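Coordinates in review
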Amino acid sequence: MDLLIKLHRILIVASCCPNPKLILSSLLSVSYSKMFNQPKQKSTATHTWQVWAMYMVLAVGLSEEQALKQACPSCDATQSCNCSSMGLDFIPSGLTDKITVLDLARNRIKHIRAHDLQQAVNLRTLLLQSNKISSIDEDSFVSLGKLELLDLSNNSLAHLSPGWFEPLFSLQHLHIHGNCYSDLGESSPFSSLRNLSSLHLGNPRFSTIRQGNFEGISLLNQLWIEGSNLSLYEPGSLKSIKKINHMIISIRRVDLFSAIVRDLLHSAIWLEIREIALDIENEKLVQNSTLPLMIQKMTFTRASFSDKYASQIMVLLKEITSLREVEAIDCVLEGKGNWNTTAIKRSGLGSVETVSVTNMTILHFYLFFDLEGLESQISKLKRLSIASSKVFMVPCRLARNFSSLLYLDFHDNLLVNNRLSETICKGAWPSLQTLNLSKNSLKSLNQTAKYITNLPKLNNLDISQNNFGEIPDVCEWPANLKYLNLSSTQIPKLTACIPSTLEVLDISANNLKEFNLHLPFLKELYLAKNQLKALPDAAGIPNLVAMSIRRNKLNSFSKEELESFKKMELLDASANNFICSCEFLSFIQHQAGIGQVLVGWPESYICDSPLSVRGVQVGAMQLSLMECHRSLVVSLICAVVFLVILILVAIGYKYHAVWYMRMTWAWLQAKRKPKRAPPKDICYDAFVSYSENDSNWVENVMVQELEQACPPFRLCLHKRDFVPGKWIVDNIIDSIEKSHKTLFVLSEHFVQSEWCKYELDFSHFRLFDENNDAAILILLEPIQSQAIPKRFCKLRKIMNTKTYLEWPHEEEQQEIFWENLKAALKS
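Here is a short report on the structure shown in this document. Per chain, residues are indexed from 1 in the order of the written sequence. With the structure being a predicted model, the display of local features is reserved for residues of pLDDT at least 70 and the display and counting of side-chain atom pairs for 80 or more, all residues being used for whole-chain, interface and lining totals. Derived side-chain values reflect all non-hydrogen atoms in the structure, with water molecules and hydrogen atoms excluded from consideration.

Salt bridge, as applied in this entry: a Lys or Arg side-chain nitrogen positioned within 4 Å of an Asp or Glu carboxyl oxygen. Overall, the coordinates contain 17 salt bridges when judged by the stated rule. With a shortest N-O distance of 3.0 Å, Arg210 and Asp183 are connected by a salt bridge. Placement of the pair is Arg210 in the loop between β9 (208-209) and β10 (219-226) and Asp183 in the loop between β7 (173-175) and β8 (198-202), with a sequence separation of 27 residues. Across the salt bridge formed by Glu272 and Arg274, the nearest N and O atoms sit 2.9 Å from each other. Pair check on accessibility: Glu272 and Arg274 agree, each one buried. Helix numbering and strand numbering both begin at the N terminus, where a helix is a DSSP run of H or I of at least 4 residues and a strand a DSSP run of E of at least 2. Whether a residue is buried, partly exposed or exposed follows from its accessible area with a 1.4 Å probe, protein chains only, as a fraction of its type maximum: under 20%, in between, or over 50%, in that order.

Written out as structure tokens, the structure is:
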């Protein structure tokens with residue numbers, strides 16, 4: 001029992017483990033552990049064989065999974081496997097129930113085996129087109145009950161087996177065209193496909209359609225039969241299908257045309273006939289029947305008509321009273337328009353309301369008749385489109401008979417201005433509301449507008465892709481004109497020629513540089529591919545709801561500009577070169593509901609400058625504070641710098657920083673000079689440093705005593721001996737250096753003097769630099785230590801380390817004072 005539990009756990013891990021070797025080693029470990037832990041009896045061998053059997057099954061499964069990953073790398077972790085164009089000869093093994101889409105197109109697969117798709121039970125789409133499949137086992141699709149699309153086109157299948165499709169009860173789309181089968185068999189291969197929506201079959205060898213071939217199919221959205229070489233059609237073969245929304249059939253045999261159309265009259269809504277050369281005999285399409293006719297639209301694609309059979313098909317189509325639209329695409333008219341108008345008139349009026357002709361080739365174009373005699377047949381037409389068919393004129397007589405026509409499209413033809421007088425003459429197209437004259441050879445907008453006024457009910461006009469080149473100042477237009485398309489007409493500017501009644505105006509691709517029109521009723525404006533640098537003035541277009549200004553030279557727009565359009569709901573300003581300025585980004589990124597107004601936001605709005613952000617989406621752009629508020633940041637920096645300077649000045653003033661800076665500068669100057677002046681440069685016995693407040697004692701007492709002594713002492717006094725015009729600091733330094741001693745007269749006044757502080761410091765430098773006793777201190781009066789400022793730290797140090805002379809007030813002590821002073825000066 002334990003063995004089975006362990007094996008069960010390993011198999012669970014195997015379903016998700018990416019390492020097959022790990023799983024195999026786990027199996028072996030279980031096997032060996034069981035062998036060595038069991039008694040050596042018969043059960044040991046039995047368990048071992050069970051393990052090895054499961055090991056072999058799992059090993060095969062793992063190898064198949066690896067093979068699938070090698071053949072289809074995309075199958076590794078997805079539900080969709082793209083194995084197309086891999087050069088595969090077989091459907092790869094290892095398909096699992098996780099796969100829903102399998103693409104094996106454009107390989108070399110020749111045979112589909114019964115077990116190839118057995119595990120792909122959840123497959124919804126199977127693409128096998130453009131292989132070399134010639135055979136399919138009967139049970140190949142038996143497990144594909146959920147398959148919705150099967151493409152077996154462009155292979156080599158010589159027959160179709162009902163057994164292939166019988167299990168495919170969920171199939172909706174089946175493509176089996178481009179194979180080698182000549183018929184669909186004696187019965188229906190599609191009888192079990194109750195949910196089929198589209199079916200595409202046939203090939204160049206397909207020749208026979210029998211009754212019963214489509215049994216089981218009741219409703220199709222599209223049925224496409226490629227039967228260019230179809231030679232046998234049994235009448236009634238398509239009647240089993242009750243409704244076909246779009247029937248496409250390629251046939252060349254005209255004798256099959258009538259039979260197929262008769263079978264489809266009561267089931268097909270849109271019938272498209274391709275590649276037929278119509279030379280129908282005089283036979284009826286609609287026979288006696290009580291069933292209602294269903295065909296509403298008939299399309300002829302790459303068909304050819306002669307004059308005789310063009311007249312005949314007109315008569316026959318009138319029998320289909322449900323027919324409302326006839327379309328001809330890439331067809332060829334071999335005649336000259338010499339139709340049997342008598343037979344056409346005799347057949348009465350048809351029910352067709354819409355005729356569309358695209359790329360019609362008329363072999364004898366310049367000999368073509370003017371369709372005289374068909375006037376009575378066109379009175380009920382409501383929509384007429386003749387595009388890319390070299391129409392250069394419509395006779396006025398014929399144009400006046402289109403009394404019910406509402407829509408006329410002459411796109412991509414050869415209409416010119418000097419023929420418009422005939423095509424749009426007085427009374428022509430009396431009910432016309434929409435006219436498309438785009439991509440013709442019109443040159444004069446003034447003449448075009450003049451003839452358009454002959455259409456009093458016209459409200460929609462497209463004259464785009466004509467090379468007008470110039471625009472007059474004033475034009476005449478129909479009074480009810482609401483829509484005007486002037487795109488790609490090379491007009492250089494806008495004038496009052498544009499009618500003020502417009503609700504929709506398209507002037508794209510004209511190299512316009514400004515828009516200054518007053519159009520009070522305009523709701524939609526298209527200005528794409530011009531040279532506009534700003535949004536138009538909203539005052540001239542107050543009712544605008546939607547505007548396209550994409551691919552212009554618009555750099556930005558403001559909140560005020562956008563809000564000036566009071567009724568604006570949609571604005572397409574994509575594909576412009578936006579300057580991502582701070583103002584623009586701030587507005588567009590924070591404007592509420594901008595995504596609902598801007599078309600293509602945000603992926604189509606890209607920054608062009610600054611250069612560093614070129615190519616970045618406007619919505620994702622983030623500029624720094626410095627980039628967005630440069631002046632503010634600079635002002636703040638200046639204010640901070642000024643504040644710092646102010647603080648430094650205040651601190652410097654409080655802590656005498658200026659004084660220290662001056663002293664340092666002087667000290668540096670002194671350091672560059674020799675440490676001791678030569679003896680010949682000593683001019684004084686002492687330099688006297690004293691406060692001006694003590695000058696009376698110095699000059700009248702001390703100087704008299706010392707300079708009149710025998711021998712006399714030479715003293716340097718700043719009042720007497722400083723060099724005039726010389727910087728005072730230099731005078732102090734020079735005097736100290738030229739003096740043998742420096743005599744300091746200390747008092748309360750001395751410690752309050754900055755110049756005395758300089759002299760004391762310079763003397764202190766000399767004292768330490770030369771390591772001598774150059775300073776002599778005379779204490780003129782007692783000084784309290786707390787009275788000495790902190791900046792006089794050197795004075796405190798000198799007073800603590802050197803002996804000083806104290807001036808006595810008793811006369812008997814003064815003699816001793818002078819003797820001691822003279823001795824100090826001589827030392």
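There's plenty left to go through after this.
Defined by distance alone, a disulfide is two cysteine sulfur atoms within 2.5 Å. This model, assessed by the stated rule, comprises three disulfides. Across the disulfide from Cys475 sits Cys497; the S-S distance is 1.8 Å. Taking the sign of the S-S torsion, about -95 degrees here, the bridge from Cys475 to Cys497 comes out left-handed. Linking Cys475 in the loop between β24 (460-462) and β25 (483-485) with Cys497 in the loop between β25 and β26 (504-506), this pair joins segments that are 22 residues apart in sequence. Classification of Cys475 as buried rests on a relative accessible area of 13%. Judged by its relative accessible area of 1%, Cys497 falls in the buried class. A sulfur-sulfur distance of 1.8 Å marks the disulfide that ties Cys580 to Cys607. Between Cys580 and Cys607 the disulfide shows an S-S torsion of about -95 degrees. By sign, it is left-handed.

So, on to the environment of Leu570. Here Leu570 is to be found in strand β29 (residues 570-572). Separated by 27 residues in the primary sequence, Leu570 and Val597 place their C-alpha atoms 4.6 Å from one another. Whether two residues are in contact is decided by their heavy atoms: any pair within 4.5 Å suffices. What Leu570 contacts, discounting residues up to four positions off in sequence, is Val545, Ala546, Met547, Gln596, Val597 and Val599.

This part takes up the pairing of strand β19 (residues 354-358). A pair of strands is labelled paired if DSSP reports no fewer than 2 bridges between them. Bridge analysis of strand β17 (residues 325-329) against β19 gives five bridges, and the strand direction is parallel. Of the residues in β19, the one forming a bridge with Glu327 is Ser356. Sheet analysis places β19 next to strand β21 (residues 383-387), joined by five bridges and oriented parallel. Bridged to Val357 within β21 is Ile386.

On to the nonpolar core, then. Formed by 171 residues in total, the largest nonpolar core has its most connected members in Phe214, Phe300, Trp429 and Phe557. Those residues in contact with Phe557 that sit more than four places away from it in its chain are Leu535, Leu571, Ala573, Phe578, Phe584, Phe587, Ile588 and Leu598. Counting residues in hydrophobic clusters, the runner-up holds 23 residues, among them Leu743, Leu780, Leu805 and Leu825. The set of buried Ala, Val, Leu, Ile, Met, Phe, Trp, Tyr and Cys residues whose side-chain atoms join them within 4.5 Å is what this entry labels a nonpolar core.

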